[in-house]
Amino acid sequence: MKSLSRCWLYSKRPLQCCGRFAALRDASTVPHSFKKANVGENFAIEVEDEGRPVKVDGRPSFAYFLSQAVQESIAKSTVGQHPGKRKLNDVSLPDNLAAAMKSVIQGVNSGPEFLQTALKLKRQIQERFPPLDHRIQEEKRKEFMEQILSQESLNAPDGGIWDEDEEFLSEKNKHMLSKRIRETIFNYQPFDFSTPERACLYMMARLVPDYAALIKTFHQLRCALPDFEPTSLLDFGSGVGSVTWAVDATWPKACKEVVNVDCSSAMHELHELLLKGGIADRPLPRRENSTHFRSFMPLTGTIKHSLVVSSRSFLELDSRDMRLRTLDILWKTVMPGGCLVLVENGRAGAGCTVMLEAREFLLSEMDEDRQSGRTRGIIVAPCPHQNKCPLLLKKPKHRICSDSQTYMEVKYPNRLLEVFSYLIVQKPENPGQTAEHLKSWPRVVQPVIKKSPILVRVCNKFGNLQELAAAKEKHGTMCKQVARKCNLGDLYPVEVVHPDLHINPGYNQLDLMRAKLHSTNIAEDC
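Residues numbered from 1 in each chain as written. Predicted model: local features only at pLDDT ≥ 70, side-chain atom pairs only at ≥ 80, totals over all residues. Heavy atoms only, no water.

*Asks:* Could you clarify how one ought to interpret the packing of helix α4 (residues 95–107) against helix α8 (residues 196–224) in this entry?
*Replies:* The axes of two packed helices give the description: the angle between them and the distance between them. Contact geometry for α4 and α8: axes closest at 11 Å, N-to-C directions at 140°. Classed by the angle they form, the pair α4 and α8 counts as oblique. Both α4 and α8 take part in a crossing whose hand is left-handed. Here α4 contributes L97, M101, V104 and I105 to the contact with α8, which in turn contributes C200, M203, M204 and L207. Here the contact of α4 with α8 is composed, by residue class, of 8 nonpolar, no polar and no charged. (Axes fitted to C-alpha atoms, helices over the stretch in contact; angles between N-to-C directions. Helix = DSSP H or I, 4+ residues; strand = E, 2+ residues; numbered from the N terminus. Parallel < 35°, antiparallel > 145°, perpendicular 65-115°, else oblique. Left-handed = near helix turned anticlockwise from the far one by under 90°. Contact = heavy atoms within 4.5 Å. Nonpolar A, V, L, I, M, F, W, Y, C, P; charged D, E, K, R; others polar.)

Structure (C-alpha coordinates):
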(Lines give C-alpha, C1' and ligand atoms only; values in the text may rest on other atoms or scores of the structure.)
Protein backbone atom coordinates (compact mmCIF):
# COMPACT_ATOMS: atom_id res chain seq x y z
CA MET A 1 0.00 0.00 0.00
CA LYS A 2 2.85 2.38 0.83
CA SER A 3 4.66 1.64 -2.43
CA LEU A 4 1.42 2.02 -4.34
CA SER A 5 0.77 5.49 -2.91
CA ARG A 6 4.42 6.49 -3.56
CA CYS A 7 4.15 5.35 -7.19
CA TRP A 8 0.95 7.37 -7.58
CA LEU A 9 2.54 10.53 -6.11
CA TYR A 10 5.47 10.48 -8.56
CA SER A 11 3.41 9.42 -11.55
CA LYS A 12 1.77 11.89 -13.92
CA ARG A 13 -0.82 9.39 -15.12
CA PRO A 14 -4.25 9.11 -13.45
CA LEU A 15 -4.73 6.50 -10.74
CA GLN A 16 -5.80 3.24 -12.43
CA CYS A 17 -4.08 0.65 -10.27
CA CYS A 18 -6.75 -1.53 -8.78
CA GLY A 19 -10.48 -1.85 -8.41
CA ARG A 20 -10.47 -0.41 -4.89
CA PHE A 21 -8.90 2.89 -5.95
CA ALA A 22 -11.10 3.00 -9.03
CA ALA A 23 -14.15 2.74 -6.79
CA LEU A 24 -12.83 5.57 -4.61
CA ARG A 25 -12.20 7.66 -7.72
CA ASP A 26 -15.73 7.07 -9.00
CA ALA A 27 -17.23 7.91 -5.59
CA SER A 28 -15.37 11.21 -5.49
CA THR A 29 -17.07 12.29 -8.71
CA VAL A 30 -20.55 11.90 -7.19
CA PRO A 31 -21.79 15.43 -6.29
CA HIS A 32 -23.36 14.46 -2.96
CA SER A 33 -23.03 11.16 -1.06
CA PHE A 34 -24.73 11.79 2.26
CA LYS A 35 -25.55 9.44 5.07
CA LYS A 36 -29.30 9.20 5.64
CA ALA A 37 -31.04 9.62 8.97
CA ASN A 38 -31.52 6.57 11.18
CA VAL A 39 -34.08 7.31 13.90
CA GLY A 40 -34.34 4.93 16.85
CA GLU A 41 -37.64 3.31 17.73
CA ASN A 42 -37.79 4.68 21.28
CA PHE A 43 -38.66 8.25 20.29
CA ALA A 44 -39.74 7.77 16.66
CA ILE A 45 -42.90 9.40 15.36
CA GLU A 46 -44.27 9.29 11.82
CA VAL A 47 -45.10 12.45 9.86
CA GLU A 48 -45.84 13.14 6.20
CA ASP A 49 -43.65 14.83 3.64
CA GLU A 50 -45.88 15.58 0.62
CA GLY A 51 -47.79 12.35 1.15
CA ARG A 52 -44.67 10.30 1.90
CA PRO A 53 -44.30 8.88 5.46
CA VAL A 54 -41.16 10.01 7.28
CA LYS A 55 -39.82 8.84 10.63
CA VAL A 56 -38.67 11.67 12.90
CA ASP A 57 -37.26 11.77 16.40
CA GLY A 58 -40.10 13.15 18.50
CA ARG A 59 -38.01 14.97 21.11
CA PRO A 60 -38.35 18.77 20.78
CA SER A 61 -34.72 19.45 19.83
CA PHE A 62 -34.75 16.80 17.10
CA ALA A 63 -38.40 17.03 15.92
CA TYR A 64 -37.79 18.26 12.38
CA PHE A 65 -36.65 16.87 9.03
CA LEU A 66 -35.26 17.95 5.67
CA SER A 67 -37.95 17.53 3.01
CA GLN A 68 -37.33 15.59 -0.18
CA ALA A 69 -37.79 18.70 -2.34
CA VAL A 70 -35.11 20.58 -0.39
CA GLN A 71 -32.74 17.62 -0.62
CA GLU A 72 -33.14 17.50 -4.39
CA SER A 73 -32.59 21.27 -4.62
CA ILE A 74 -29.37 21.03 -2.59
CA ALA A 75 -28.16 18.05 -4.61
CA LYS A 76 -28.34 20.17 -7.78
CA SER A 77 -26.17 22.93 -6.29
CA THR A 78 -24.13 22.96 -3.07
CA VAL A 79 -24.89 22.85 0.64
CA GLY A 80 -23.52 26.38 1.06
CA GLN A 81 -26.21 27.66 -1.35
CA HIS A 82 -29.20 25.96 0.26
CA PRO A 83 -32.66 27.50 -0.41
CA GLY A 84 -32.76 29.30 2.95
CA LYS A 85 -29.42 31.09 2.49
CA ARG A 86 -29.72 34.87 2.84
CA LYS A 87 -26.12 35.91 3.47
CA LEU A 88 -24.60 38.51 1.12
CA ASN A 89 -21.01 39.42 0.39
CA ASP A 90 -19.52 42.68 1.59
CA VAL A 91 -21.66 45.60 0.40
CA SER A 92 -20.04 48.70 -1.04
CA LEU A 93 -21.53 51.81 -2.61
CA PRO A 94 -22.10 51.93 -6.39
CA ASP A 95 -19.21 53.54 -8.24
CA ASN A 96 -21.14 56.65 -9.27
CA LEU A 97 -22.45 57.19 -5.74
CA ALA A 98 -18.99 56.69 -4.21
CA ALA A 99 -17.50 59.18 -6.68
CA ALA A 100 -20.24 61.72 -5.91
CA MET A 101 -19.70 61.25 -2.18
CA LYS A 102 -15.94 61.84 -2.53
CA SER A 103 -16.49 65.01 -4.55
CA VAL A 104 -18.90 66.34 -1.93
CA ILE A 105 -16.43 65.57 0.87
CA GLN A 106 -13.65 67.38 -1.01
CA GLY A 107 -15.85 70.44 -1.32
CA VAL A 108 -16.17 70.87 2.45
CA ASN A 109 -13.62 71.20 5.20
CA SER A 110 -13.08 67.45 5.63
CA GLY A 111 -10.01 67.49 7.86
CA PRO A 112 -9.23 65.10 10.72
CA GLU A 113 -11.52 66.98 13.09
CA PHE A 114 -14.40 66.73 10.62
CA LEU A 115 -13.86 62.97 10.32
CA GLN A 116 -13.74 62.54 14.11
CA THR A 117 -16.99 64.47 14.43
CA ALA A 118 -18.60 62.15 11.87
CA LEU A 119 -17.43 59.07 13.80
CA LYS A 120 -18.80 60.56 17.02
CA LEU A 121 -22.17 61.15 15.33
CA LYS A 122 -22.14 57.56 14.08
CA ARG A 123 -21.66 56.23 17.62
CA GLN A 124 -24.41 58.48 18.95
CA ILE A 125 -26.87 57.18 16.37
CA GLN A 126 -25.94 53.56 17.12
CA GLU A 127 -26.50 54.04 20.87
CA ARG A 128 -29.73 55.99 20.48
CA PHE A 129 -32.91 55.14 22.40
CA PRO A 130 -36.43 56.44 21.74
CA PRO A 131 -37.65 59.19 24.07
CA LEU A 132 -39.89 58.17 26.96
CA ASP A 133 -43.42 59.50 27.07
CA HIS A 134 -43.94 62.42 29.43
CA ARG A 135 -46.38 60.37 31.49
CA ILE A 136 -43.81 57.59 32.01
CA GLN A 137 -41.11 60.13 32.88
CA GLU A 138 -43.33 61.68 35.54
CA GLU A 139 -44.20 58.28 36.98
CA LYS A 140 -40.53 57.32 37.23
CA ARG A 141 -39.68 60.65 38.82
CA LYS A 142 -42.33 60.17 41.51
CA GLU A 143 -41.17 56.57 42.06
CA PHE A 144 -37.57 57.71 42.60
CA MET A 145 -38.71 60.41 45.02
CA GLU A 146 -40.68 57.88 47.06
CA GLN A 147 -37.68 55.56 47.23
CA ILE A 148 -35.42 58.36 48.42
CA LEU A 149 -37.90 59.45 51.07
CA SER A 150 -38.35 55.88 52.27
CA GLN A 151 -34.60 55.61 52.78
CA GLU A 152 -34.81 58.69 55.02
CA SER A 153 -37.58 56.96 57.03
CA LEU A 154 -40.16 59.54 56.03
CA ASN A 155 -43.78 58.52 55.77
CA ALA A 156 -44.86 59.23 52.28
CA PRO A 157 -48.58 59.97 51.76
CA ASP A 158 -50.79 57.36 50.13
CA GLY A 159 -51.36 59.48 47.04
CA GLY A 160 -47.65 59.61 46.20
CA ILE A 161 -45.15 62.43 46.25
CA TRP A 162 -46.20 65.66 44.56
CA ASP A 163 -44.36 68.86 43.67
CA GLU A 164 -45.13 70.61 46.96
CA ASP A 165 -43.46 67.78 48.89
CA GLU A 166 -40.08 68.53 47.31
CA GLU A 167 -39.30 71.02 50.11
CA PHE A 168 -38.72 68.06 52.44
CA LEU A 169 -35.83 66.87 50.33
CA SER A 170 -32.40 67.97 51.38
CA GLU A 171 -29.72 69.05 48.94
CA LYS A 172 -28.19 65.61 49.18
CA ASN A 173 -31.44 63.93 48.30
CA LYS A 174 -31.94 66.28 45.36
CA HIS A 175 -28.51 65.34 44.10
CA MET A 176 -29.37 61.65 44.47
CA LEU A 177 -32.61 62.19 42.56
CA SER A 178 -30.94 63.96 39.64
CA LYS A 179 -28.21 61.29 39.50
CA ARG A 180 -30.81 58.50 39.49
CA ILE A 181 -32.71 60.18 36.66
CA ARG A 182 -29.53 60.60 34.59
CA GLU A 183 -28.59 56.93 35.07
CA THR A 184 -32.05 55.52 34.33
CA ILE A 185 -33.81 57.82 31.85
CA PHE A 186 -32.20 58.36 28.46
CA ASN A 187 -31.45 62.03 27.88
CA TYR A 188 -33.06 62.34 24.48
CA GLN A 189 -31.98 65.32 22.38
CA PRO A 190 -33.15 65.70 18.76
CA PHE A 191 -30.48 65.90 16.07
CA ASP A 192 -30.08 69.07 14.04
CA PHE A 193 -29.40 68.56 10.33
CA SER A 194 -30.62 71.95 9.11
CA THR A 195 -27.22 73.12 7.82
CA PRO A 196 -25.17 71.75 4.89
CA GLU A 197 -22.27 70.92 7.24
CA ARG A 198 -24.49 68.79 9.50
CA ALA A 199 -26.03 67.07 6.48
CA CYS A 200 -22.54 66.26 5.18
CA LEU A 201 -21.62 64.86 8.60
CA TYR A 202 -24.63 62.56 8.46
CA MET A 203 -23.65 61.45 4.95
CA MET A 204 -20.15 60.52 6.13
CA ALA A 205 -21.50 58.76 9.23
CA ARG A 206 -24.52 56.85 7.94
CA LEU A 207 -24.73 56.65 4.14
CA VAL A 208 -22.72 53.43 3.69
CA PRO A 209 -24.06 51.44 6.70
CA ASP A 210 -27.65 52.50 5.94
CA TYR A 211 -27.19 51.45 2.32
CA ALA A 212 -25.79 48.07 3.41
CA ALA A 213 -28.68 47.43 5.83
CA LEU A 214 -31.24 48.36 3.16
CA ILE A 215 -29.58 46.11 0.57
CA LYS A 216 -29.84 43.18 2.98
CA THR A 217 -33.45 44.03 3.88
CA PHE A 218 -34.53 44.32 0.25
CA HIS A 219 -32.72 41.06 -0.46
CA GLN A 220 -34.89 39.40 2.20
CA LEU A 221 -37.96 40.92 0.55
CA ARG A 222 -36.96 39.77 -2.93
CA CYS A 223 -36.28 36.23 -1.71
CA ALA A 224 -39.64 36.07 0.06
CA LEU A 225 -41.63 37.67 -2.81
CA PRO A 226 -39.77 36.97 -6.09
CA ASP A 227 -42.54 38.47 -8.25
CA PHE A 228 -42.71 41.76 -6.34
CA GLU A 229 -41.26 44.80 -8.14
CA PRO A 230 -42.03 48.30 -6.81
CA THR A 231 -43.20 50.81 -9.37
CA SER A 232 -43.41 53.77 -6.97
CA LEU A 233 -41.54 54.56 -3.75
CA LEU A 234 -42.33 56.72 -0.72
CA ASP A 235 -39.27 57.31 1.45
CA PHE A 236 -40.19 58.72 4.87
CA GLY A 237 -37.16 60.36 6.45
CA SER A 238 -35.23 60.13 3.19
CA GLY A 239 -32.06 61.82 4.46
CA VAL A 240 -29.34 61.69 1.80
CA GLY A 241 -31.14 59.09 -0.35
CA SER A 242 -29.80 55.69 0.72
CA VAL A 243 -33.24 54.11 0.15
CA THR A 244 -33.44 55.31 -3.46
CA TRP A 245 -30.01 53.91 -4.30
CA ALA A 246 -30.78 50.57 -2.59
CA VAL A 247 -34.10 50.20 -4.44
CA ASP A 248 -32.43 50.89 -7.81
CA ALA A 249 -29.69 48.36 -6.99
CA THR A 250 -32.19 45.66 -5.99
CA TRP A 251 -34.82 46.22 -8.73
CA PRO A 252 -33.04 47.98 -11.63
CA LYS A 253 -35.33 50.07 -13.87
CA ALA A 254 -38.45 48.99 -11.96
CA CYS A 255 -39.23 52.08 -9.88
CA LYS A 256 -40.75 54.89 -11.98
CA GLU A 257 -41.57 57.45 -9.27
CA VAL A 258 -39.91 58.43 -5.97
CA VAL A 259 -41.31 60.73 -3.28
CA ASN A 260 -38.77 61.78 -0.63
CA VAL A 261 -40.09 63.17 2.66
CA ASP A 262 -37.68 64.92 5.07
CA CYS A 263 -38.03 68.01 7.24
CA SER A 264 -34.48 69.21 6.44
CA SER A 265 -34.00 71.20 3.24
CA ALA A 266 -30.21 70.71 3.56
CA MET A 267 -30.75 66.94 3.39
CA HIS A 268 -32.86 67.35 0.23
CA GLU A 269 -30.19 69.48 -1.41
CA LEU A 270 -27.44 66.99 -0.59
CA HIS A 271 -29.64 64.09 -1.74
CA GLU A 272 -30.24 65.78 -5.10
CA LEU A 273 -26.54 66.62 -5.42
CA LEU A 274 -25.60 62.94 -4.94
CA LEU A 275 -28.16 61.89 -7.55
CA LYS A 276 -26.53 64.32 -10.00
CA GLY A 277 -23.09 62.81 -9.42
CA GLY A 278 -21.78 65.63 -7.22
CA ILE A 279 -22.25 68.33 -9.89
CA ALA A 280 -25.13 70.71 -9.25
CA ASP A 281 -25.53 71.83 -12.92
CA ARG A 282 -26.22 68.32 -14.21
CA PRO A 283 -29.76 67.02 -14.75
CA LEU A 284 -30.99 63.97 -12.87
CA PRO A 285 -29.88 60.82 -14.72
CA ARG A 286 -33.11 58.98 -13.86
CA ARG A 287 -36.69 60.05 -13.09
CA GLU A 288 -36.00 63.72 -13.76
CA ASN A 289 -39.70 64.61 -13.77
CA SER A 290 -40.82 61.98 -11.25
CA THR A 291 -38.42 62.54 -8.32
CA HIS A 292 -40.14 64.70 -5.73
CA PHE A 293 -38.89 66.25 -2.51
CA ARG A 294 -41.38 67.06 0.25
CA SER A 295 -40.98 68.56 3.71
CA PHE A 296 -44.20 67.05 5.10
CA MET A 297 -46.04 63.82 4.55
CA PRO A 298 -49.68 63.96 3.35
CA LEU A 299 -52.11 62.99 6.10
CA THR A 300 -54.87 61.54 3.93
CA GLY A 301 -53.03 58.69 2.24
CA THR A 302 -55.06 59.03 -0.97
CA ILE A 303 -51.95 58.67 -3.19
CA LYS A 304 -50.80 55.06 -2.98
CA HIS A 305 -47.33 53.61 -3.47
CA SER A 306 -46.23 50.04 -4.01
CA LEU A 307 -43.26 50.39 -1.63
CA VAL A 308 -43.18 52.59 1.48
CA VAL A 309 -39.92 52.69 3.44
CA SER A 310 -38.92 54.30 6.73
CA SER A 311 -35.25 53.95 7.56
CA ARG A 312 -33.82 55.28 10.87
CA SER A 313 -36.74 57.68 11.36
CA PHE A 314 -39.03 56.21 14.03
CA LEU A 315 -36.49 56.66 16.82
CA GLU A 316 -36.55 60.40 16.10
CA LEU A 317 -40.27 60.76 16.82
CA ASP A 318 -41.28 62.23 20.15
CA SER A 319 -43.48 59.52 21.66
CA ARG A 320 -45.11 56.16 21.13
CA ASP A 321 -48.39 57.82 20.13
CA MET A 322 -46.57 59.85 17.48
CA ARG A 323 -44.89 56.71 16.15
CA LEU A 324 -48.19 54.84 15.88
CA ARG A 325 -49.93 57.79 14.20
CA THR A 326 -47.11 58.04 11.67
CA LEU A 327 -47.24 54.29 11.12
CA ASP A 328 -50.98 54.50 10.50
CA ILE A 329 -50.47 57.15 7.81
CA LEU A 330 -47.68 55.15 6.16
CA TRP A 331 -49.83 52.02 6.16
CA LYS A 332 -52.70 53.89 4.48
CA THR A 333 -50.26 55.00 1.77
CA VAL A 334 -49.38 51.40 0.80
CA MET A 335 -51.39 50.16 -2.16
CA PRO A 336 -52.97 46.65 -2.04
CA GLY A 337 -50.26 44.13 -2.81
CA GLY A 338 -47.54 46.60 -1.82
CA CYS A 339 -45.11 46.44 1.10
CA LEU A 340 -44.16 48.56 4.08
CA VAL A 341 -40.50 48.30 5.14
CA LEU A 342 -39.19 49.59 8.48
CA VAL A 343 -35.48 49.59 9.37
CA GLU A 344 -33.97 50.74 12.67
CA ASN A 345 -30.84 50.32 14.74
CA GLY A 346 -30.29 46.81 16.11
CA ARG A 347 -27.38 47.17 18.52
CA ALA A 348 -28.93 48.72 21.63
CA GLY A 349 -32.27 46.87 21.39
CA ALA A 350 -34.20 50.12 20.93
CA GLY A 351 -34.86 49.40 17.26
CA CYS A 352 -36.31 46.00 18.13
CA THR A 353 -38.67 47.66 20.61
CA VAL A 354 -39.94 49.96 17.87
CA MET A 355 -40.34 47.01 15.49
CA LEU A 356 -42.40 45.13 18.11
CA GLU A 357 -44.66 48.16 18.49
CA ALA A 358 -45.19 48.35 14.75
CA ARG A 359 -45.71 44.61 14.42
CA GLU A 360 -48.40 44.45 17.09
CA PHE A 361 -50.12 47.49 15.59
CA LEU A 362 -50.18 46.10 12.04
CA LEU A 363 -51.25 42.62 13.14
CA SER A 364 -54.17 43.89 15.22
CA GLU A 365 -57.65 43.34 13.92
CA MET A 366 -57.80 46.60 12.01
CA ASP A 367 -60.16 45.27 9.33
CA GLU A 368 -63.05 45.78 11.76
CA ASP A 369 -62.47 49.55 11.65
CA ARG A 370 -64.51 50.38 8.55
CA GLN A 371 -64.16 54.15 8.85
CA SER A 372 -60.36 54.20 8.64
CA GLY A 373 -60.24 51.63 5.85
CA ARG A 374 -57.34 49.79 7.46
CA THR A 375 -56.64 46.13 6.79
CA ARG A 376 -54.61 43.55 8.67
CA GLY A 377 -51.05 43.17 7.38
CA ILE A 378 -49.14 40.02 6.42
CA ILE A 379 -45.68 39.69 7.96
CA VAL A 380 -43.19 38.87 5.19
CA ALA A 381 -39.94 39.00 7.17
CA PRO A 382 -38.24 38.38 9.51
CA CYS A 383 -41.03 36.39 11.23
CA PRO A 384 -42.06 33.03 9.69
CA HIS A 385 -45.48 33.23 11.40
CA GLN A 386 -48.43 35.59 11.86
CA ASN A 387 -48.88 35.09 15.61
CA LYS A 388 -47.77 37.25 18.52
CA CYS A 389 -44.03 37.65 18.84
CA PRO A 390 -42.54 35.23 21.41
CA LEU A 391 -40.12 37.96 22.51
CA LEU A 392 -43.01 39.64 24.33
CA LEU A 393 -42.76 36.87 26.94
CA LYS A 394 -39.21 37.97 27.78
CA LYS A 395 -37.99 40.94 29.75
CA PRO A 396 -37.56 44.15 27.71
CA LYS A 397 -33.76 44.02 27.87
CA HIS A 398 -33.79 40.53 26.28
CA ARG A 399 -36.12 41.45 23.41
CA ILE A 400 -33.51 41.53 20.67
CA CYS A 401 -34.21 40.45 17.10
CA SER A 402 -31.65 41.71 14.61
CA ASP A 403 -29.84 40.99 11.38
CA SER A 404 -26.37 42.00 10.23
CA GLN A 405 -24.47 42.88 7.09
CA THR A 406 -20.80 43.61 6.40
CA TYR A 407 -19.84 46.63 4.30
CA MET A 408 -16.82 48.57 3.05
CA GLU A 409 -16.42 52.24 3.94
CA VAL A 410 -15.44 54.88 1.36
CA LYS A 411 -13.31 57.29 3.36
CA TYR A 412 -11.36 54.56 5.18
CA PRO A 413 -11.75 51.20 3.38
CA ASN A 414 -12.26 48.88 6.33
CA ARG A 415 -14.59 45.89 6.59
CA LEU A 416 -17.25 46.81 9.15
CA LEU A 417 -20.42 45.20 10.47
CA GLU A 418 -23.85 46.85 10.56
CA VAL A 419 -26.46 45.40 12.96
CA PHE A 420 -30.08 46.41 12.37
CA SER A 421 -33.68 45.44 13.06
CA TYR A 422 -36.24 45.42 10.28
CA LEU A 423 -39.85 44.58 9.53
CA ILE A 424 -41.49 43.87 6.16
CA VAL A 425 -45.30 43.86 6.01
CA GLN A 426 -47.41 43.28 2.91
CA LYS A 427 -50.87 44.74 2.47
CA PRO A 428 -53.17 41.98 1.14
CA GLU A 429 -54.82 42.53 -2.23
CA ASN A 430 -58.13 41.24 -0.82
CA PRO A 431 -59.37 40.91 2.80
CA GLY A 432 -59.27 37.11 2.71
CA GLN A 433 -55.65 36.75 1.61
CA THR A 434 -53.41 34.70 3.91
CA ALA A 435 -49.69 34.01 4.18
CA GLU A 436 -49.79 30.72 2.27
CA HIS A 437 -47.58 32.13 -0.50
CA LEU A 438 -44.70 32.66 1.95
CA LYS A 439 -42.20 30.03 3.09
CA SER A 440 -42.73 28.81 6.65
CA TRP A 441 -39.17 27.66 7.34
CA PRO A 442 -37.82 28.70 10.75
CA ARG A 443 -35.69 31.83 10.95
CA VAL A 444 -32.25 31.71 12.61
CA VAL A 445 -32.37 34.32 15.39
CA GLN A 446 -28.98 33.73 17.05
CA PRO A 447 -25.52 32.75 15.78
CA VAL A 448 -25.28 29.01 15.18
CA ILE A 449 -23.22 27.02 17.70
CA LYS A 450 -21.14 24.88 15.33
CA LYS A 451 -19.94 22.28 17.80
CA SER A 452 -21.15 18.71 18.05
CA PRO A 453 -24.14 18.62 18.16
CA ILE A 454 -24.81 21.74 16.11
CA LEU A 455 -27.36 24.02 17.82
CA VAL A 456 -29.58 26.28 15.73
CA ARG A 457 -31.81 28.68 17.68
CA VAL A 458 -34.80 29.60 15.55
CA CYS A 459 -38.23 31.20 15.55
CA ASN A 460 -40.58 28.63 14.02
CA LYS A 461 -43.85 28.84 12.12
CA PHE A 462 -45.89 28.13 15.27
CA GLY A 463 -44.74 31.36 16.90
CA ASN A 464 -42.26 29.76 19.33
CA LEU A 465 -38.56 30.15 19.98
CA GLN A 466 -36.94 26.74 19.65
CA GLU A 467 -33.45 25.28 19.88
CA LEU A 468 -32.83 22.65 17.20
CA ALA A 469 -29.96 20.19 17.44
CA ALA A 470 -28.58 18.83 14.15
CA ALA A 471 -27.09 15.34 14.50
CA LYS A 472 -25.95 13.00 11.76
CA GLU A 473 -27.67 10.01 13.35
CA LYS A 474 -31.03 11.80 13.70
CA HIS A 475 -31.20 13.87 10.51
CA GLY A 476 -28.46 12.67 8.16
CA THR A 477 -25.28 14.25 6.87
CA MET A 478 -26.94 16.70 4.51
CA CYS A 479 -29.11 18.26 7.22
CA LYS A 480 -26.12 18.58 9.54
CA GLN A 481 -24.07 20.34 6.85
CA VAL A 482 -26.97 22.69 6.09
CA ALA A 483 -27.16 23.60 9.78
CA ARG A 484 -23.42 24.27 9.83
CA LYS A 485 -23.76 26.64 6.85
CA CYS A 486 -26.60 28.68 8.40
CA ASN A 487 -25.97 32.18 9.69
CA LEU A 488 -27.91 34.81 11.60
CA GLY A 489 -30.90 35.94 9.52
CA ASP A 490 -31.00 32.84 7.29
CA LEU A 491 -33.90 30.45 6.97
CA TYR A 492 -33.24 26.92 8.20
CA PRO A 493 -34.94 24.98 5.34
CA VAL A 494 -36.49 22.21 7.45
CA GLU A 495 -40.01 21.18 8.37
CA VAL A 496 -40.64 21.51 12.12
CA VAL A 497 -43.02 19.08 13.81
CA HIS A 498 -45.98 20.57 15.68
CA PRO A 499 -45.39 20.85 19.45
CA ASP A 500 -48.44 18.68 20.19
CA LEU A 501 -46.61 15.71 18.63
CA HIS A 502 -43.53 16.02 20.86
CA ILE A 503 -43.03 13.00 23.10
CA ASN A 504 -40.31 14.21 25.47
CA PRO A 505 -41.61 14.18 29.08
CA GLY A 506 -41.80 17.64 30.59
CA TYR A 507 -42.71 19.37 27.34
CA ASN A 508 -46.20 18.00 26.75
CA GLN A 509 -49.04 19.75 28.52
CA LEU A 510 -50.29 16.45 29.94
CA ASP A 511 -46.91 15.71 31.51
CA LEU A 512 -46.80 19.19 33.04
CA MET A 513 -50.25 18.68 34.58
CA ARG A 514 -49.21 15.30 35.99
CA ALA A 515 -46.04 16.78 37.50
CA LYS A 516 -48.04 19.60 39.07
CA LEU A 517 -50.59 17.17 40.50
CA HIS A 518 -47.79 14.97 41.84
CA SER A 519 -46.09 17.91 43.58
CA THR A 520 -49.46 18.96 45.09
CA ASN A 521 -50.02 15.45 46.52
CA ILE A 522 -46.54 15.44 48.06
CA ALA A 523 -47.19 18.83 49.70
CA GLU A 524 -50.50 17.59 51.17
CA ASP A 525 -48.83 14.46 52.57
CA CYS A 526 -46.17 16.56 54.28
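Having seen the structure, we can now continue with the description.
*Asks:* Whenever I open this one, unusual backbone geometry confuses me. Can you help?
*Replies:* A negative phi holds for most residues other than glycine; trans holds for most peptide bonds. A381 connects to P382 through a cis peptide bond whose omega is 5°. Mapping P382 onto the fold places it in the loop between β9 (378–381) and β10 (403–408). The backbone of E50 sits at a positive phi, close to 55°, despite the residue not being glycine. Tracing the sequence through the fold places E50 in the loop between β1 (44–49) and β2 (52–57). With a relative accessible area of 70%, E50 lands in the exposed category. Its identity as a non-glycine residue notwithstanding, R287 has a phi of 50°, on the positive side. Position of R287 among the secondary structure elements: in the loop between α10 (265–275) and β6 (291–294). (Buried < 20%, exposed > 50% of the residue type's maximum accessible area, 1.4 Å probe, protein only.)

*Asks:* Could you clarify how one ought to interpret the nonpolar core in this entry?
*Replies:* Generally speaking, nonpolar side chains in soluble globular proteins are found buried as a group. In terms of nonpolar packing, the biggest core is built from 61 residues, with L93, M203, F218, L221 and L307 touching the most fellow members. The greatest single-element share of this core, amounting to 16 residues, is contributed by α8. In this structure, L221 is in contact with F228, W251, L307, C339, V341, V380 and I424, ignoring residues within four places of it in sequence. Judged by nonpolar contacts, the second largest core, of 27 residues, contains V261, L315, A358 and F361. (Core = buried A, V, L, I, M, F, W, Y, C linked by side-chain atoms within 4.5 Å.)

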